[in-house]
Amino acid sequence: MIKKLKPEDDDQRMADAMHMSSQEIWQAGLHAFAKAQEEGGKMFSMQVFEERVLRALSAIGVPTAAEVARLHARVDELSAELAALKAQQGNRPAAH
């Protein structure tokens with residue numbers, strides 16, 4: 001036979017379950033916060049390291065990625081101009 005619980009027992013079980021759930025959520029949040037602090041510190045250290053490396057490379061004359069990209073774009077422009085000039089020369093009648 002099934003034993004029927006008193007309403008007070010149901011309320012207490014519900015309160016206990018909610019208490020346990022809230023503690024688990026709180027602990028998970030603390031763990032996530034601690035992990036974020038740890039990772040954030042690593043990210044900051046990595047950023048400082050990268051900035052130092054970039055300054056050192058700049059000091060010895062190594063171009064930045066942006067400078068190299070601009071050079072590539074300029075080479076592409078000049079290649080297109082050269083191809084257009086060659087095409088124009090190919091369309092001209094030969095001089096005798």
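In the block above lies the structure referred to throughout.
Residues numbered from 1 in each chain as written. Predicted model: local features only at pLDDT ≥ 70, side-chain atom pairs only at ≥ 80, totals over all residues. Heavy atoms only, no water.

Peer 1: Give a description of the overall build of the chain that names residues and reports values.
Peer 2: Check the secondary structure of the chain and you find two helices and zero strands. Here the chain, with 96 residues, has 0% of them falling under the buried criterion. As presented, the chain carries roughly 9200 Å² of accessible surface, and 63% of it is formed by carbon and sulfur atoms. (Helix = DSSP H or I, 4+ residues; strand = E, 2+ residues; numbered from the N terminus. Buried < 20%, exposed > 50% of the residue type's maximum accessible area, 1.4 Å probe, protein only. Areas by Shrake-Rupley, 256 points an atom, 1.4 Å probe, with all protein chains shown as cover.)

Peer 1: Account for the pattern of salt bridges, with residues named and values stated.
Peer 2: Counted under the stated rule, the structure contains one salt bridge. A salt bridge links Glu77 to Arg74; the nearest nitrogen and oxygen atoms lie 3.0 Å apart. Linking Glu77 with Arg74, this pair stays in helix H2 (residues 65-91), spanning three residues, or about one helical turn. What makes Glu77 partly exposed here is its relative accessible area of 43%. (Salt bridge = Lys/Arg side-chain N within 4 Å of Asp/Glu carboxyl O.)

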